[in-house]
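# Remarks on the overall topology
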There are 2 protein chains.
Amino acid sequence: MQDFGQIDVKPYLTTKSLVPENQETPIQFSNDDIVHPKLFYRRNHFTYPNFTSSFYFLTVEGLVHTSKAFSLQDIYSLPSKNVKAVLECSGNKRGLFQPKVFGEQWGKGAISQGIWKGVPLRILLQHTGLLNTAKEIVFEGHDFGERPDSNRIVHFSRSLPIEIALDPDTIIAYQYNSRPIPFKHGFPLRLIVPGWYGMASVKWIKKITVIDRAFSGPFQAKDYIYYPNNENEKGKFPVTNINVNSTIQFPREMQLLHKGIYEIKGIAWTGKGSIEKVEISFDEGHTWEPCQLDAVPQKYAWVSWNYKWNAANDGEYAIRSKATDTYGNVQPFDPFWNKKGYGYNAHDRIKVKIE
Amino acid sequence: MQDFGQIDVKPYLTTKSLVPENQETPIQFSNDDIVHPKLFYRRNHFTYPNFTSSFYFLTVEGLVHTSKAFSLQDIYSLPSKNVKAVLECSGNKRGLFQPKVFGEQWGKGAISQGIWKGVPLRILLQHTGLLNTAKEIVFEGHDFGERPDSNRIVHFSRSLPIEIALDPDTIIAYQYNSRPIPFKHGFPLRLIVPGWYGMASVKWIKKITVIDRAFSGPFQAKDYIYYPNNENEKGKFPVTNINVNSTIQFPREMQLLHKGIYEIKGIAWTGKGSIEKVEISFDEGHTWEPCQLDAVPQKYAWVSWNYKWNAANDGEYAIRSKATDTYGNVQPFDPFWNKKGYGYNAHDRIKVKIE
């Protein structure tokens, strides 16, 4: 016989795919500024890699003065820094595009944030030196597999322009929220590129190669490209920085509510600068009212916001949120449609009914 | 240092609401005929009840010859039977209605099945007898709270017509899949009404009352009613049996696939009789091809089905599934729109792209 004083009610990741594993953060139910590792969204291109960390070395080679293989102990002993940053999949909110876009139908939860600790990449590069011809830096992960568009086995590899690679906030991270990075999120070493969409933050990195040209790997030159046209490649350009964006966490889409006073809540973030303001509209964007920010917005991190709403009258309401960043970027009314469904950042919009 | 031979990749429940707890089964990722208790969908009207099972009695009163309070030991010692049955929330697939309907935006996973063991309700009623005036039987759960439409505290209560209550397959269950029913699913006793939508299968039942009229509790007379019109109550009728239905589990909505041979997979179920056939269409329902059933369809249970598809040509495909039951009920092309969004059972439809 039992007593049921304490019933555990908690959210879980939302499964989008298991091979490879793609799972979404329950962002509507996460009030934390720092996402618990168990609820951090998972986005993979391949099945999880299988390697032994006992002989783990991170090699830096290519157009450098001296190639080097850094052991984990080497990395841990170098100067480090903490970076609190949003990681957002560039496919976040893909499921909202109209017309619909093929690919994983992410909702609003392909986003998480926490504190990453690691060595600035520039410090590693100071140890190896860079040749004058260096143009891009390629990061290769331990994960590999077949792509739908070829029969060759490829590793997940991405490049950064030199100036981004040398940014003091671009780090080789080994901790997430003061603990070793969870395996599924890149243990033992993960590149973190704050302000860029998540594809740049290569997990399980094994090799860094300095090259003198634009990297042409498939995850650089085929995927993670904005194709504004369905029929051709006209106007294409690469996915880089996170677009200014916001998400309403409460109320939820199509929720039924009593009359009453509510706190409409959400988060806002951007990849360039920081959030300047968040506004809310009850008339499809004709007029806007300011929201209160819970804290002074920081570069790279999301900021929580709220708005006290007196829902005094019965009826249906469409609620829109709109964030503006310090570069003057503003969420648009309509999303920028592109064939692969990246970078959705239209106003967030929900409907609720008061009855 | 670690080795990563075995990485656990598994689906979770999808959170729709935490207060009360509403979580959806990851139906696309469940290949089991019997849903694991951890992945059984959770649908609550209130927060979880708090009671002690040490003094648990199920009382049967009202228009009976002899009122009785059955202890759990009494129940366990009576003749029992196993019933393999789908439980489906009548709001399953509500999120697919167009125009959208207010309320929990369930996807396709507010459905689970397993084997329930318990005492046929008719056996309990044989112990108490029934007066001639008996018309309905009311089941009250331990769960209670405030409803949005009133300030009174109410228990979750539902009634059944006498003939359904006396059906030998209507049971007072105490086991799910050979184990005590998990607390969140109704421990220690849950009414199971196979073939009816889930609201009929009252959890944590404490009291059974025989009455001589139509029960008018809010979960009977306000909710769980089909309202075909948005403006008035014209044409309303109660939610009872599960509609014939099917869900495509693979491929998934908007999935990108290579050319190749695939097994399109899914489940089909109905609340009356059993599944007679499942068909699939690649031309929006103009022509249909038969699917193969994995087993002989059983009353109350879903049947898995599959179709070998040779995806030989690039392009976009809309795939529809359509089930027919032994009563001749067939899934319609369009859903039966109703204001509260119950009983969605239009053809299941997904789009995929071969490239």
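Residue numbers here run from 1 along each chain, matching the order of that chain's written sequence. Each chain is given a letter, starting from A, and each ligand a number, starting from 1, according to the order in which they appear as written. Local features in a predicted model are, by the rule used here, given only for residues with pLDDT of at least 70; side-chain atom pairs are given and counted only at 80 or more, and totals for whole chains, interfaces and linings are based on all residues. In computing side-chain properties, one takes all heavy atoms of the structure into account and sets aside hydrogens as well as water.

With an unreviewed UniProt entry as reference, chain A is termed Sulfite oxidase, source organism Fictibacillus terranigra. Quoted straight from UniProt, the Cofactor (unreviewed entry) entry for chain A says "Mo-molybdopterin". UniProt positions are given in the numbering used here, feature names are shortened, and annotations may be inferred rather than shown by experiment.

## Focus on the overall build of chain A
Within chain A one finds 4 helices and 24 strands. Both definitions apply: the radius of gyration is a C-alpha atom measure, and the globule rule equals 2.2 Å times residues to the power 0.38. For chain A, the C-alpha radius of gyration of 22 Å lies close to 20 Å, the compact-globule estimate for 355 residues. With respect to the principal axes defined by its C-alpha atoms, chain A has extents near 70 × 65 × 40 Å. By definition in these notes, contact holds between two residues if any of their heavy atoms fall within 4.5 Å. Considering only contacts within chain A whose residues lie at least 6 apart along the sequence, 71% involve residues at least 24 apart. Here the Shrake-Rupley method, with its probe set to 1.4 Å, supplies the accessible areas, and only the displayed protein chains count as covering residues. On chain A, roughly 14900 Å² of surface is accessible, and the fraction owed to carbon and sulfur atoms is 50%. By the counting rule applied here, Lys and Arg register as positive and Asp and Glu as negative, while His and the ends of each chain are not counted. A charged residue contributes its charge at one atom only: NZ of Lys, CZ of Arg, CG of Asp or CD of Glu. In chain A, which carries 42 positive and 36 negative side-chain charges, the distance between the mean positions of the two groups comes to 4 Å. Strands here are runs of E lasting at least two residues and helices are runs of H or I lasting at least four, both read from the DSSP assignment and numbered beginning at the N terminus.

## Quick word on the relation of the copies chain A and chain B
The atoms used to superpose the copies are C-alpha atoms, taken from residues with pLDDT of at least 70 in both, and the fit is least squares. In screw terms, the move from chain A to chain B is a rotation of 180° and a rise of 0.0 Å along the axis, fitting with an RMSD of 0.0 Å. Classification of the inter-copy transformation places it as that of a two-fold axis. Taking C-alpha positions as the reference, the residue of chain A nearest the rotation axis is Thr14(A), at 2.5 Å. In this assembly the copies share their binding face: 100% of the residues contributing to the interface of chain A also contribute to that of chain B.

## A closer look at the packing of aromatic side chains
Ring pairs (aromatic) are described by centroid distance and by the angle formed between their planes. What counts as a ring pair is set by centres within 6.5 Å for rings of Phe, Tyr and Trp (its six-membered ring), and what kind of pair is set by the plane angle: stacked under 30 degrees, edge-to-face over 60, tilted for all other angles. Under the defined criterion, the tally for this structure stands at 45 aromatic pairs over all chains. When the centroid spacing of 5.4 Å and the interplanar angle of 25° are considered together, the rings of Phe282(A) and Trp309(A) count as stacked. Of this pair, Phe282(A) sits in the loop between β19 (275-281) and β20 (289-290) while Trp309(A) sits in strand β22 (residues 303-311), and the two are 27 residues apart along the sequence. Partly exposed describes any residue whose relative accessible area lies between the buried limit of under 20% and the exposed limit of over 50%, with all areas from a 1.4 Å probe on protein chains only and scaled to the type maximum. Judged by relative accessible area, which is 7%, Trp309(A) ranks as buried. Between Phe282(B) and Tyr307(B), the aromatic rings sit 5.7 Å apart at their centres with planes inclined by 45°, giving tilted as the arrangement. Of the two residues, Phe282(B) sits in the loop between β19 (275-281) and β20 (289-290) while Tyr307(B) sits in strand β22 (residues 303-311), which places them 25 residues apart along the sequence. You can call Tyr307(B) buried: its relative accessible area is 12%.

## Section: unusual backbone geometry
The omega torsion of the bond from Phe250(A) to Pro251(A) falls at 0°, within 30 degrees of zero and hence cis. Note on placement: Pro251(A) falls in the loop between β16 (245-250) and β17 (255-257). Residue Pro99(B) follows Gln98(B) across a cis peptide bond; omega there is -5°. Note on placement: Pro99(B) falls in the loop between β6 (81-88) and β7 (111-120). At Ser178(A), a position not held by glycine, the phi torsion is positive, near 70°. Tracing the backbone through its elements, the reader meets Ser178(A) in the loop between β10 (171-176) and β11 (179-180). Positive phi, normally seen in glycine, also occurs at Met254(A), with a value near 65°.

## Structural notes on the environment of Asn338(A)
Residue and element names in this part refer to chain A. Secondary-structure assignment places Asn338 in the loop between β23 (315-325) and β24 (348-354). Taking the C-alpha atoms as reference points, Asn338 and Pro11, separated by 327 residues in sequence, lie 32 Å from one another. Excluding its chain neighbours within four sequence positions, the residues that come into contact with Asn338 are Phe97, Val101, Tyr226, Tyr227 and Pro228.

## Concerning the sheet that holds β19(B)
Where strands meet in a sheet, backbone hydrogen bonds hold them as pairs that are either parallel or antiparallel. Two strands qualify as a pair provided DSSP detects at least 2 bridges between them. If you walk across this open sheet you meet the 5 strands as β17-β24-β23-β19-β20 (chain B), and the pairing is mixed. Each edge of the open sheet is held by one strand with a lone partner, namely β17 (255-257) and β20 of chain B.

## Brief notes about the interface of chain A and chain B
Each partner contributes to the interface: chain A provides 51 residues, whereas chain B provides 51 residues. Between chain A and chain B, roughly 4400 Å² of surface is buried when both sides are summed, and carbon and sulfur atoms account for 61% of that area. Should a side-chain nitrogen of Lys or Arg be within 4 Å of a carboxyl oxygen of Asp or Glu, the pair is scored as a salt bridge. In this structure, the connection of chain A to chain B is made through 2 salt bridges. The salt bridge involving Glu253(B) is made with Lys100(A); its shortest N-O contact spans 2.4 Å. Here a polar contact is taken to be a pair of N or O atoms separated by no more than 3.5 Å, where protein atoms must pair a possible hydrogen donor with a possible acceptor and residues adjacent in sequence count only if both atoms sit in side chains. For the pair chain A and chain B, the number of links is 13 residue pairs in polar contact (both at pLDDT 80 or more). Among the secondary structure elements, those contributing two or more residues to the side of chain A that touches chain B are β1 (14-17), β17 and β24 of chain A. The biggest single contributor to the side of chain A that touches chain B is β1(A), with 4 residues. Amino acid classes used here: Ala, Val, Leu, Ile, Met, Phe, Trp, Tyr, Cys and Pro are nonpolar; Asp, Glu, Lys and Arg are charged; the rest, including Gly, are polar. Its residues assigned to classes, the side of chain A that touches chain B comprises 21 nonpolar, 14 polar and 16 charged. Buried area: the accessible surface (1.4 Å probe) lost by two parts on joining, summed over both.

## Here's the deal with the sheet that holds strand β4 (residues 57-62) of chain B
Residues and elements named next belong to chain B. Taken in spatial order, the 5 strands of this open sheet run β5-β4-β13-β8-β9, and their pairing is mixed. Unpaired on one side and paired on the other, β5 (68-71) and β9 (153-161) mark the two borders of the sheet. If you compare each strand with its neighbour and ignore which way they point, the axes differ by 25° on average. In this sheet, β5 lies alongside β4 in antiparallel orientation, the contact comprising 4 bridges. Bridge pairing in β5 places Val60 opposite Lys68. Between N-to-C directions, angles span 0 to 180 degrees; the directions come from axes that are lines fitted to C-alpha atoms, helices contributing only their stretch in contact.

## Brief notes about the pattern of salt bridges
Residue and element names in this part refer to chain A. For the structure shown, the criterion picks out 44 salt bridges over all chains. Here Lys322 makes a salt bridge to Glu279, at a shortest N to O gap of 3.8 Å. Of the two residues, Lys322 sits in strand β23 while Glu279 sits in strand β19, which places them 43 residues apart along the sequence. The pair Lys322 / Glu279 is uniform in exposure class, with both members buried. The network of salt bridges with common partners includes Glu21, Arg42 and Lys184.

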